[in-house]
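# Descriptive structure summary
Single-letter residue listing:
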Protein chains: 2
Amino acid sequence: MTKTLSSFACDFAAFTAGRFFEMSEGGSAGMNLRTYDSLDRPPNEEASKRRCLIPIAAIAQIFGIAAVVMCTVWMGYYYGGFDWRNPALVFNYHPVFMVIGMIFCFGDAMLIYRVFHKCPKLPLKAVHGVLMILGLLFSVVGFKAAFDSHNMRGIPDVYSIHSWIGLVTVVLFAVQWVVGLIAFLVPYIPPRVRSKILPLHTATGLFLLCCALVAAISGITEKNFGSTYKDLPAPAMLSNFMGVCLVVFCGMVFYLVHRHDYRRLSELELITTYLRVPSSRVSCLKIPSFHLVLTFCRSIHMSYYRAIVFGYSFFLCTLQNPRC
Amino acid sequence: MTKTLSSFACDFAAFTAGRFFEMSEGGSAGMNLRTYDSLDRPPNEEASKRRCLIPIAAIAQIFGIAAVVMCTVWMGYYYGGFDWRNPALVFNYHPVFMVIGMIFCFGDAMLIYRVFHKCPKLPLKAVHGVLMILGLLFSVVGFKAAFDSHNMRGIPDVYSIHSWIGLVTVVLFAVQWVVGLIAFLVPYIPPRVRSKILPLHTATGLFLLCCALVAAISGITEKNFGSTYKDLPAPAMLSNFMGVCLVVFCGMVFYLVHRHDYRRLSELELITTYLRVPSSRVSCLKIPSFHLVLTFCRSIHMSYYRAIVFGYSFFLCTLQNPRC
């Protein structure tokens, strides 16, 4: 009942404020140039664009889980199973743990900001951090399996381009995790510093996923390459299909994370999107008072939070001089 | 002399308009909320952020050219050189042409929009298209070398995950080129359609570069993998270093292209950035008249073009009611 009332209040505020600004702007003749400022942000399409987000994320999950299952079957069924004390079997942990850690957990950690874009930010940050540390742990165990296997069988370590790229990727992944933890979860870091780090953090993260994919596919190539590969026996075929699933999974994660208009909305953008208020009008709301209210609102549950932010902006916009 | 005069006019217009709006806004107390709308776009940093752009792009070129040279030496010196009629040597064209086409040309085609972000858009589009078709041609010749080599030596085609990913990447690259040509160079395509295609075009393009990198590294692994790889002989070491150069080149291209605030500025953003006019004020300029002038200006040389656009916006902004 409470939820229905608050969502009704939101809808009413959105509708009334939208109509108000349409009228005060004199309809389409007063169209705001801001809405045409960038080719990849056409006007009033924020909400409609996000319709593809959940289906693509769901399909990505299917491909990701399929890849993990295929990798487990590949190593567990065709290469004799898993046993840490058996020199012939200890290596088999390596591909499975690397795929789970460096691709599946890593990809999903990036996706949660997109999929749960309407949820409060702090819990999302925590889940993001936990998924990342899970990914790192799986990768470290996966690495240990490879090194142990090499030691038991007298094979030298880290000579192939696969191992070089894989090792650097996991090291950078760990650095990225520590920097992210300090920069985005320690409350004393000022927003200006965070804003400097964020673009580098997202770009590095996404490129590290690509590097993990590079390492995975070259790893499949190393494992398969031999005299029988050209006849495509069952394990080679299975691992090739696993490679295709990995590429599709990473491609979908990449698409959702790369698209700037799929990103989490800031408070200002929540207002301009859901209230349909041009951003030039929202600039009537001055920073200090607005931020005070936001700080208060952030401590409340999301549905109330939205109702209060919308109501507050509606109140300010209607009471102030409509010509700003 | 003409250039000096026009740049002086630009500077004067920028300075005067900037001061004017600072005064009419009442200094920092009237700070525009728009400048704080997103964590990754702090205020007044558009120009200063771009300082890293050219150095990173230059370093990327060094790594890209180094990779091409290393690949040529790898195949030309260590694997016996190039000859299309010799079954043992025809394959050697494949890695060199694929690296030039699918990574170097492709990466540079994406970079030119960033590096020459102040130049008019139409010539850039043409250069982008030409670099892309060059990349496609190199790739097709590279593919022919691989297929010819397989035919001459009786090796089956397209069985490895390297070949699957490489083939799909080149096919999607060709589709991307044709769609891009039609969507962004045919004048009758409406901006709404272009704005729908652009985010998909950029995301697909960047992921295709990652796939090309995946194909390249798995290709190096295929060529190197054998009994001597673990001792890292000179050709294996050279090709591994080439792989590292490819990863660094793609990483830098990726970083510059992925960062949303490194993108080309639209006409509106050129005004708000260089004139330091808040975007809320620029919304005073109504679409139809502004676009007429832009259409006229686009046909003139860039320096005059900028002088006229700046002069026009300055004229409109100062003559109109400063309270909008």
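Residues numbered from 1 in each chain as written. Chains lettered and ligands numbered in written order. Predicted model: local features only at pLDDT ≥ 70, side-chain atom pairs only at ≥ 80, totals over all residues. Heavy atoms only, no water.

### Some remarks on the overall build of chain A
Scanning chain A from N- to C-terminus turns up 12 helices and 0 strands. Ordered by position in the sequence, the α and β elements of chain A form the string α-α-α-α-α-α-α-α-α-α-α-α. Looking at chain A as a whole, 54% of its 324 residues are labelled buried. Taking as baseline every contact in chain A between residues at least 6 positions apart, the subset at least 24 positions apart corresponds to 73%. Carbon and sulfur atoms make up 72% of the accessible area of chain A, which amounts to about 14,600 Å² in all. (Helix = DSSP H or I, 4+ residues; strand = E, 2+ residues; numbered from the N terminus. Buried < 20%, exposed > 50% of the residue type's maximum accessible area, 1.4 Å probe, protein only. Contact = heavy atoms within 4.5 Å. Areas by Shrake-Rupley, 256 points an atom, 1.4 Å probe, with all protein chains shown as cover.)

### Quick word on the UniProt feature "domain: Cytochrome b561" (unreviewed entry) in chain A
Residues given the UniProt feature "domain: Cytochrome b561" (unreviewed entry) here are residues 59-258 of chain A. In residues 59-258 of chain A, helix accounts for 80% and strand for 0%; the two terminal C-alpha atoms are 17 Å from one another. (UniProt positions renumbered as here; feature names shortened; annotations may be inferred.)

### A closer look at the UniProt feature "transmembrane region" (unreviewed entry) in chain A
With numbering matched to this structure, UniProt assigns "transmembrane region" (unreviewed entry) to residues 52-76, 96-116, 128-147, 159-186, 198-217 and 237-257 of chain A. The span residues 159-186 of chain A carries 89% helix and 0% strand; its end-to-end C-alpha distance comes to 39 Å.

### Points about the confidence of the model for chain A
All names here are of chain A. Residues of chain A with pLDDT of at least 70 account for 66%, and the chain-wide mean is 78. Note that pLDDT drops below 50 for residues 1-44; the model gives that stretch 76 contacts with residues more than four away or on any other chain. Per-residue pLDDT stays below 50 along residues 283-289; that stretch engages in 16 contacts with residues further than four places along the chain or on separate chains. Here the predicted complex scores 0.75 on pTM and 0.74 on ipTM. (pLDDT = per-residue confidence, 0-100.)

### A word on the pattern of salt bridges
Residues and elements named next belong to chain A. The full count for this structure, using the stated rule, is 2 salt bridges over all chains. Among the salt bridges present, the one from D148 reaches K144, with a minimum N-O distance of 2.9 Å. Of the two residues, D148 and K144 are both situated in helix 5 (residues 121-153); the distance of 4 residues between them amounts to about one turn of the helix. Look at K144 and you get partly exposed, because its relative accessible area is 45%. (Salt bridge = Lys/Arg side-chain N within 4 Å of Asp/Glu carboxyl O.)

### Looking at a nonpolar patch on the surface
Residues and elements named next belong to chain A. Among the surface-exposed residues, L122, V178, L181, I182, L185, V186 and Y188 lie close enough to one another that they form a single nonpolar patch of about 680 Å² accessible area. It is helix 6 (residues 161-185) that contributes the most residues to the nonpolar patch, 4 residues altogether. Given a relative accessible area of 61%, L122 falls into the exposed group. (Patch = residues over 30% accessible without salt bridge, like charges linked within 9 Å, V, L, I, M, F, W, Y side chains within 5 Å.)

### Thoughts on the packing of aromatic side chains
Residues and elements named next belong to chain A. One pass over the full model with this rule turns up 29 aromatic pairs over all chains. Ring geometry for F82 against Y93: centres 5.4 Å apart, planes inclined by 45°, an arrangement best described as tilted. Of this pair, F82 sits in the loop between helix 3 (53-78) and helix 4 (93-115) while Y93 sits in helix 4, placing them 11 residues apart in sequence. The partly exposed category is assigned to F82, whose relative accessible area is 33%. Between Y93 and F97 the ring centres are 5.7 Å apart and the planes differ by 50°, which places this aromatic pair in the tilted class. In this pair, Y93 and F97 both sit in helix 4, 4 residues apart, roughly one turn of the helix. Per residue, the accessibility class of Y93 equals that of F97, and both read buried. Across from the ring centre of Y262, 4.6 Å away, lies the NZ or CZ of R259, which sits over that ring. (Phe/Tyr/Trp six-rings, centres within 6.5 Å; stacked < 30°, edge-to-face > 60°. Lys NZ or Arg CZ within 6 Å of the ring centre and 35° of its normal.)

### Focus: the side chain of B:N224
Residues and elements named next belong to chain B. Position of N224 relative to the elements: it lies in helix 7 (residues 191-224). Judged by its relative accessible area of 8%, N224 falls in the buried class. In this structure the side chain of N224 is engaged in a polar contact, spanning 2.6 Å, whose partner is the side chain of S239. Look past the residues within four positions of N224 in its chain and what remains in contact with it is W74, Y229, A236, S239 and N240. (Polar contact = N/O pair within 3.5 Å; in protein donor to acceptor, adjacent residues only side chain to side chain.)

### Quick word on helix 7 (residues 191-224) of chain A
Residues three or four positions apart in an α-helix share a direction because the helix packs 3.6 residues into each turn. Residues and elements named next belong to chain A. The terminal C-alpha atoms of helix 7 lie 49 Å apart, and with 34 residues this matches the ideal 50 Å at 1.5 Å per residue to within 8%. The largest bend along helix 7 measures about 30° and falls at I197, with the proline P199 one to four residues further on. A large share of helix 7 lies buried, amounting to 24 of its 34 residues. (Expected span 1.5 Å × (residues − 1). Bend = angle between axes of the 7 residues up to and from the residue.)

### Some thoughts on the packing of helix 8 (residues 234-258) of chain A against helix 7 of chain B
Contact pair helix 8 of chain A / helix 7 of chain B: the axes reach a minimum separation of 10 Å and the direction vectors enclose 140°. Considering their axes alone, helix 8 of chain A and helix 7 of chain B lie oblique with respect to each other. The two elements helix 8 of chain A and helix 7 of chain B cross, and the hand of that crossing is right-handed. Judged by residue contacts, A:V247, A:C250, A:G251, A:F254, A:Y255 and A:H258 of helix 8 of chain A engage B:L200, B:T202, B:A203, B:L206, B:F207, B:C210 and B:C211 from helix 7 of chain B. Broken down by class, the residue content of the contact of helix 8 of chain A with helix 7 of chain B amounts to 10 nonpolar, 3 polar and no charged. (Axes fitted to C-alpha atoms, helices over the stretch in contact; angles between N-to-C directions. Parallel < 35°, antiparallel > 145°, perpendicular 65-115°, else oblique. Left-handed = near helix turned anticlockwise from the far one by under 90°. Nonpolar A, V, L, I, M, F, W, Y, C, P; charged D, E, K, R; others polar.)

### Quick look at the side chain of B:H94
Residue and element names in this part refer to chain B. Within the fold, H94 resides in helix 4 (residues 93-115). A distance of 2.9 Å separates the side chain of H94 from the backbone oxygen of G142, its partner in a polar contact. Setting aside residues no more than four positions away along its own chain, H94 makes contact with G142, F143, A145, A146 and H162.

### A word on helix 8 of chain A
Helix length check: helix 8 of chain A, at 25 residues, gives a terminal C-alpha distance of 35 Å against a target of 36 Å (1.5 Å per residue), a fit within 8%. Taking burial as the measure, the 25 residues of helix 8 of chain A include 20 buried ones, the bulk of the element.

### Re the environment of A:W84
Residue and element names in this part refer to chain A. Mapped onto the fold, W84 is located in the loop between helix 3 and helix 4. Along the sequence, W84 and A145 sit 61 residues apart, while their C-alpha atoms lie 7.7 Å from each other. Setting aside residues up to four positions removed in sequence, W84 forms contacts with V90, Y93, V141, K144, A145, D148 and M152.

### Remarks on the environment of B:N240
Looking at where B:N240 falls in the secondary structure, it is placed in helix 8 (residues 234-258). The residues touching B:N240, leaving out its near neighbours within four places in the chain, are A:Y159, A:S160, A:I161, A:W164, B:I220, B:N224, B:Y229 and B:L232.

### Some details on the packing of helix 3 (residues 53-78) of chain B against helix 4 of chain B
Residues and elements named next belong to chain B. One way to put it is that helix 3 packs onto helix 4 with a least axis distance of 10 Å and a crossing angle of 170°. Accordingly, the angle class assigned to the pair helix 3 and helix 4 is roughly antiparallel. Here helix 3 contributes L53, I54, A57, Q61, G64, I65, V68, C71, T72, W74 and M75 to the contact with helix 4, which in turn contributes P95, V96, V99, I100, F104, D108, L111, R114 and V115.

### Side note on the environment of A:A174
Here A:A174 lies in helix 6. Through-space distance from the C-alpha of A:A174 to that of A:L137 is 9.8 Å; in sequence the pair is 37 residues apart.

### A look at unusual backbone geometry
All names here are of chain A. Positive phi values are uncommon outside glycine, yet V158 reaches one of about 50°. Mapping V158 onto the fold places it in the loop between helix 5 and helix 6. Exposure remark for V158: the relative accessible area of 33% places this residue in the partly exposed category.

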